[in-house]
Amino acid sequence: LTLSFVLVLFILVVDGRVTDRYPCRFAPKFNSHELLTNPTVQNEFLHNIAYWEGHFHRDGLGVSLKSGLAIIGNKLNYTTGELTYGAMNYSAASKECLHVVLLTKALLKDSRALLFINYLHPENAYDDTIQILTNKIASYEKFNREFPGYGGFLPWYFVSDEGITGPSWGWRNPPITPSLDNGELIWAIYPLIGVLKSQGHHSLAARYEAWLNLLKANAKRVFYLGGGKISAVAIIKNVSLSPEHNTYTPLVGAGLLDDPY
């Protein structure tokens, strides 16, 4: 179900209005020729994706609304579509990145982003977006207070309505954090700040800007190895110590980050 966020990120490239909503398995109603050549059909198809993927953006399914955090999702029965094992209540900065991008598009009144955020009442989606973003930054701030050693950089972590409850399996012993996932989130937060400021949400923008500044202040200390080399995954010596009093080493075998972060 994490693919849901990727699909929705793709559909936001083109905007348009459609009136029809097909059943969940709507794809067979379309043919490839029309999808390649007919803008009306393209818009109709993308609208249906946004509407049905919006079912994923529900509390306890693809997001914790109280904490504002995206979660991996739920396992489904492939035939019936019913939930099977309950919430997979963990996530990472790479999932937050996609969520933040969609929320930013919703602030810009993108019709499909609004539909994704609240498929039942898209007219309420803008206000929902502000509340989710408020809850999200509160969760980030709480994480930094409880685990200052990460320097703001998120590991893979468990999610509850109270926020990030700690690193998930494979990310706690030793405590580690990835530069790639966090780099993606940084580039998502940067435009969000500008949109919030442009719409007069200055207090909320300031909180996200403070978070971004925290990451900027600690990035070199946590990930930079010298000689132009950036650790893909850093080991944190003590998650309870602030970065200036901490030690960070690269995880052996994790490699280096060669993306433009």
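The preceding data block contains the structure.
Now for a quick tour of the structure. As the structure is a computational prediction, the values presented were derived from the model and not from experiment. (Residues numbered from 1 in each chain as written. Predicted model: local features only at pLDDT ≥ 70, side-chain atom pairs only at ≥ 80, totals over all residues. Heavy atoms only, no water.)

For the rest of this paragraph, the subject is the overall build of the protein chain. Helix and strand content of the protein chain: 8 helices and 12 strands. Structurally, the protein chain occupies a C-alpha span of about 60 × 45 × 35 Å along its principal axes. Of all 261 residues assigned to the protein chain, the portion counted as buried reaches 49%. Counting every atom, the protein chain has about 13,000 Å² of accessible surface; 56% of that belongs to carbon and sulfur. Placing the 22 positive and 22 negative side-chain charges of the protein chain at their respective mean positions leaves the two points 5 Å apart. (Helix = DSSP H or I, 4+ residues; strand = E, 2+ residues; numbered from the N terminus. Buried < 20%, exposed > 50% of the residue type's maximum accessible area, 1.4 Å probe, protein only. Areas by Shrake-Rupley, 256 points an atom, 1.4 Å probe, with all protein chains shown as cover. Lys, Arg positive; Asp, Glu negative; His and termini not counted. Charge placed at Lys NZ, Arg CZ, Asp CG, Glu CD.)

Let's shift gears to the packing of helix H6 (residues 125-146) against helix H7 (residues 179-198). If you want to describe how two helices pack, look at the angle between their axes and the distance between the axes. Their axes nearest at 14 Å, the elements H6 and H7 cross at an angle of 130°. Between H6 and H7, the crossing angle belongs to the class labelled oblique. Considering how the two elements wind past one another, H6 and H7 form a crossing that is left-handed. When H6 is examined against H7, the residues Ile 130, Leu 133 and Tyr 140 are found in contact with a partner set consisting of Leu 185, Ile 189, Leu 192 and Leu 196. A class-by-class count of the residues in the contact of H6 with H7 yields 7 nonpolar, no polar and no charged. (Axes fitted to C-alpha atoms, helices over the stretch in contact; angles between N-to-C directions. Parallel < 35°, antiparallel > 145°, perpendicular 65-115°, else oblique. Left-handed = near helix turned anticlockwise from the far one by under 90°. Contact = heavy atoms within 4.5 Å. Nonpolar A, V, L, I, M, F, W, Y, C, P; charged D, E, K, R; others polar.)

Once that is clear, we can look at helix H3 (residues 39-53). Taking 1.5 Å of rise per residue, the 15 residues of H3 would be expected to cover 21 Å, and the 21 Å separating its terminal C-alpha atoms lies within 8% of that figure. Those residues of H3 not exposed but buried are Val 41, Asn 43, Glu 44, Phe 45, Leu 46, His 47, Asn 48, Ile 49, Ala 50, Tyr 51 and Glu 53. (Expected span 1.5 Å × (residues − 1).)

What the 3 strands build is an open sheet, ordered S5-S6-S7; its pairing is antiparallel. The two strands at the open ends of the sheet, each matched to only one other strand, are strand S5 (90-91) and strand S7 (163-167). Where S5 lies against strand S6 (residues 157-160), 2 bridges are found, and the strand directions are antiparallel. Of the residues in S6, the one forming a bridge with Tyr 90 is Phe 158. (Pairing = 2+ DSSP bridges.)

Note that every value here comes from positions in space, so none of it alone points to a role or purpose.
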